[in-house]
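Each chain, written out:
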Amino acid sequence: MQPLVATIETSLFDMFEAGPGPSSSHTIGPMKAGHDFRTLCAALPPDVLARAADIRVRLFGSLSATGVGHGTTGAVLAGLLGHRPATCPPGLLESLPALPEGERTLRLGPAALVLAEGTVLRDAVQHAHPFSNTLVMELLDTHGTVLCEREYYSVGGGFIQWKGWQPEERGRPAHPYRSMAQLRARLVETGLTIHELILENEMAVTGMGRAAILDRLAAIIELMEASVRRGIEDGGPLPGTLGVHRKARVLLMRAQRLPNAVDSFLGRLNAYAFAAAEENAAGGVIVTAPTCGAAGVMPALLYAMRHDLAIGDRAVREGVLASAAVGFLAKHNAGIAGAEVGCQGEVGVASAMAAAMLAHARGNPVHVVENAAEIALEHHLGLTCDPVGGYVQIPCIERNAVGAVKAYNACLLATCEDPRHHRVTLDSVIAAMAEIGRDMNAKFKETSSGGLAVSVVEC
């Protein structure tokens, strides 16, 4: 879990990142770590590289426990071979370990190192490293002597750190905050809306211009919609041994035939969430919002806003900007990794972000936006991460759909209630999530060693 920070300086495009599923902490993060280690090794002196004979990667925590079902081995190898999440070819992670040697050879100066499944080893699930999802990467000579080593941490949402890591030097936000209370205060001081404040902070932190940010955000929104469209079009079984079949297309067809308009809308919303979550489970390209495992929640509601609720492109974009504020607060004051805080930090935070997105896009004031996010997150508190068989399928896909419907209902509750009588703040719920995450047993945090992951197998 992340410590409370002095101010939030995360970029929109760190939070919303395109990459292959099924898990941001198990695929996108390890791929980035592999790519970084490749760069680190390539910078070694020629005489050191001349002695290089092998690479060894050890996985700890839930990476060790569920890395097989989450595609971690392929992700690490892909990163070592120079691939990045945003440009990784579809299906590569699953096929990479079986490719011909020439297509999985890492060349470092005079050294040609053939990478294979045996390059990546599963180590202790319980360990003393500072983050659950830890990778130790080593470049070895023929005698097994370590020539270069780095200890990486995949901290959720595709973010990585390493031993001795320092945050990237960036600009200071124009309107600093670290809590929702401080964010509200900045809005009062400046007279800005949430989306305007987030946009101005993005410009200050990254140095990007307004037009460039909006263009890139539009591309992210299109990727979210595309994940829903592809999921609706595809059918058949998902990868792995569970025998889970895609349901999105059938759900949508049957929802469209329901005579009751409310039932039909909720059925379509379920189908949209299934579609994106199934794409993620199949290793397709999705957007972390805030993670891969929760990548069906926001896209489902976003797709419904555009195609069912007649909400225009500008309002959708402004809603996405507002949702980022919720994601930033959760990430920096609690956590968004299932291995750190359970699924309350993945689907729970995604549901809160989606509720804020819809509330803001509909023109509600900031207290309604906050209350919508708070309600959605509050009713995911304590949610465990117990994927059956280590695959991001059961209960993850259905959970995305439930999270999307909860987001819609949270927005409805916040819009219809008398806000003077709303007692719980978003800050207090995020603090509760952090406490619950600290006390949650490790077997319920993405290790597939407890809960549904055990009971389903036993049945």
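Quick summary incoming for the structure in this document. (Residues numbered from 1 in each chain as written. Predicted model: local features only at pLDDT ≥ 70, side-chain atom pairs only at ≥ 80, totals over all residues. Heavy atoms only, no water.)

Let us now look at the pairing of strand S8 (residues 159-162). Bridge count for strand S7 (residues 146-156) against S8 is four bridges, and the pairing is antiparallel. Residue pairing across strands places Tyr153 opposite Gln161, the latter belonging to S8. What sits between the antiparallel neighbours S7 and S8 is a turn of two residues, in which Gly157 has the positive phi angle 70 degrees. (Pairing = 2+ DSSP bridges. Helix = DSSP H or I, 4+ residues; strand = E, 2+ residues; numbered from the N terminus.)

Let us now look at the pattern of salt bridges. Evaluated as defined, the whole model comprises 21 salt bridges. Arg184 serves as the salt-bridge partner of Glu370, at 2.6 Å between the closest nitrogen and oxygen. Of this pair, Glu370 sits in helix H16 (residues 366-378) while Arg184 sits in helix H7 (residues 180-190), and the two are 186 residues apart along the sequence. The class for Glu370 is buried, based on a relative accessible area of 6%. The partner of Arg246 in a salt bridge is Glu279, and the shortest N-O contact between them spans 3.1 Å. With Arg246 in the loop between helix H9 (210-233) and helix H10 (248-256) and Glu279 in helix H11 (residues 261-281), the pair connects residues that are 33 residues apart, well separated along the chain. A residue is classified by how much of its surface remains accessible, and Arg246, at 14% relative accessible area, is buried. (Salt bridge = Lys/Arg side-chain N within 4 Å of Asp/Glu carboxyl O. Buried < 20%, exposed > 50% of the residue type's maximum accessible area, 1.4 Å probe, protein only.)

The strand order across the open sheet built from five strands is S5-S2-S6-S7-S8, with neighbouring strands paired in mixed fashion. The sheet is open, and its two edges are formed by strand S5 (120-122) and S8, each paired on a single side. Looking at each pair of strands side by side, their axes are set apart by 25 degrees on average, direction ignored. Note that strand S2 (residues 54-60) and S5 share three bridges and pair parallel. Bridging across to S5, Leu59 finds its partner in Arg122. Sitting on the sheet, helix H2 (residues 24-42) is in contact with S2, strand S6 (134-140), S7 and S8, with an inclination near 150 degrees to S7. Sitting on the sheet, helix H4 (residues 62-70) touches S2, S5 and S6, and the angle it makes with S2 is about 105 degrees. (Axes fitted to C-alpha atoms, helices over the stretch in contact; angles between N-to-C directions. Contact = heavy atoms within 4.5 Å.)

So, about the environment of Phe159. Along the polypeptide, Phe159 turns up in strand S8. Along the chain, Phe159 and Arg420 lie 261 residues apart, while their C-alpha atoms are 38 Å from each other.

Counted by the stated rule, this structure contains four aromatic pairs. Note on Tyr152 and Trp162: the rings are 6.1 Å apart at their centroids and 70 degrees apart in plane angle, and the pair reads as edge-to-face. Of this pair, Tyr152 sits in strand S7 while Trp162 is found in strand S8, placing the two residues 10 residues apart along the sequence. By relative accessible area, which is 22% here, Trp162 ends up partly exposed. The lysine or arginine in question, Lys331, covers the ring of Phe159, its NZ or CZ lying 4.3 Å from the ring centre. (Phe/Tyr/Trp six-rings, centres within 6.5 Å; stacked < 30°, edge-to-face > 60°. Lys NZ or Arg CZ within 6 Å of the ring centre and 35° of its normal.)

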